[in-house]
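Observations on chain architecture
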Amino acid sequence: MKNSVFKDNVATDNNGGAIDSGSSVNVSDSEFKGNHAYFGGAIFTENNTNIVNSIFQHNHCEDYQFNSPEGGDIYCKGSVNASNSDFSYSFSCFNGDFIWVEKFVSLNNCSFKINNMDFHGSNSIYCKGSGVINNTIFNDMDYANYVVYCSDNLVINNSRALSNSIWVALYAFIAVL
């Protein structure tokens, strides 16, 4: 999808406030604002997600019974590749205030700013696999356990984490180049 706006959508089946897909999702030049779901405030996908030149703001996933909702902007069971995109003011009550991904995360020239989580113990980016982060900024993360959590290898190039109020900046087997 290209040049689209998804605003103030609510998932009726718990997944993906704006998009719930069993296949890959490709998004460019689009906006996701104020969407809500239990998994993937804006996007839930069973496969890969590719994001280019897009904006994600004020999306969230939450459950007031504390049942572990994840992926404030994106919940992906495949891999996430995001480039030249901005993520801000989103949250989840458990993991992945912005992105929760099963396999691999690649972030290029992205910015992540101010996660609005209200539960101490979340991670701004949560990846069960490995990841590569290039030229990306993490700014004003509040109360997260980690800015980025990867359970496997994480490579970081020319990226910054600024003014973050967190317990640990990164968790992974890290290679900073």
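Above this text is the structure in question.
Described in the following lines is the structure provided in the data block. This structure is a prediction, so every number in the text was calculated from the model and none was measured.

Rules used throughout
- Residues numbered from 1 in each chain as written.
- Predicted model: local features only at pLDDT ≥ 70, side-chain atom pairs only at ≥ 80, totals over all residues.
- Heavy atoms only, no water.
- Helix = DSSP H or I, 4+ residues; strand = E, 2+ residues; numbered from the N terminus.
- Buried < 20%, exposed > 50% of the residue type's maximum accessible area, 1.4 Å probe, protein only.
- Contact = heavy atoms within 4.5 Å.
- Areas by Shrake-Rupley, 256 points an atom, 1.4 Å probe, with all protein chains shown as cover.
- Core = buried A, V, L, I, M, F, W, Y, C linked by side-chain atoms within 4.5 Å.
- Pairing = 2+ DSSP bridges.
- Axes fitted to C-alpha atoms, helices over the stretch in contact; angles between N-to-C directions.
- Phe/Tyr/Trp six-rings, centres within 6.5 Å; stacked < 30°, edge-to-face > 60°.

**Digging into the overall build of the protein**
Broken down by element type, the protein carries 0 helices and 22 strands. For the protein, buried positions account for 51% of its 177 residues. Of the contacts formed within the protein by residues at least 6 apart in sequence, a portion of 63% connects residues at least 24 apart. Per element, the accessible surface of the protein, about 7,600 Å² overall, is 46% carbon and sulfur.

**Focus: the side chain of H60**
Tracing the sequence through the fold places H60 in strand β9 (residues 60-61). Here H60 is in contact with N35, H36, A37, G41, G72 and F91, once residues within four sequence places are set aside.

**Side note on the nonpolar core**
Counting 30 residues, the largest nonpolar core has I43, I74, F87, I99, L107 and F112 as its most contacted members. Of all the secondary-structure elements, those providing two or more residues to this core are β3 (25-28), β10 (74-76), β11 (79-83), β14 (99-101), β15 (104-108), β17 (123-127) and β20 (146-157). Here the element with the most residues in this core is β20; it accounts for 5 residues. With 5 residues, the next largest nonpolar core counts F44, Y75, Y126 and Y149 among its residues.

**Considerations on the environment of S130**
Mapped onto the elements, S130 comes out in strand β18 (residues 130-134). S130 sits in the partly exposed class, given a relative accessible area of 21%. With sequence-adjacent residues up to four places away left out, S130 is seen in contact with K103, F104, V105, C150, D152 and N153.

**Here we look at the sheet that holds strand β12 (residues 86-88)**
Within the open sheet, the 7 strands sit side by side as β1-β4-β8-β12-β16-β19-β21. Their pairing is parallel. Looking along the sheet, the strands with just one partner apiece sit at the ends: β1 (5-7) and β21 (160-162). Direction aside, neighbouring strands of the sheet carry axes that sit 5° apart on average. Note: strand β8 (residues 55-57) against β12, 3 bridges, orientation parallel. Paired with Q57 across the bridge in β12 is S88.

**A closer look at the packing of aromatic side chains**
Under the counting rule described, the total for this entry stands at 12 aromatic pairs. Summarising the aromatic geometry, the rings of F56 and F87 are spaced 4.9 Å apart at their centres and angled 10° between planes, so their arrangement reads as stacked. With a gap of 31 residues between them, F56 in strand β8 and F87 in strand β12 connect regions that are remote in the sequence.

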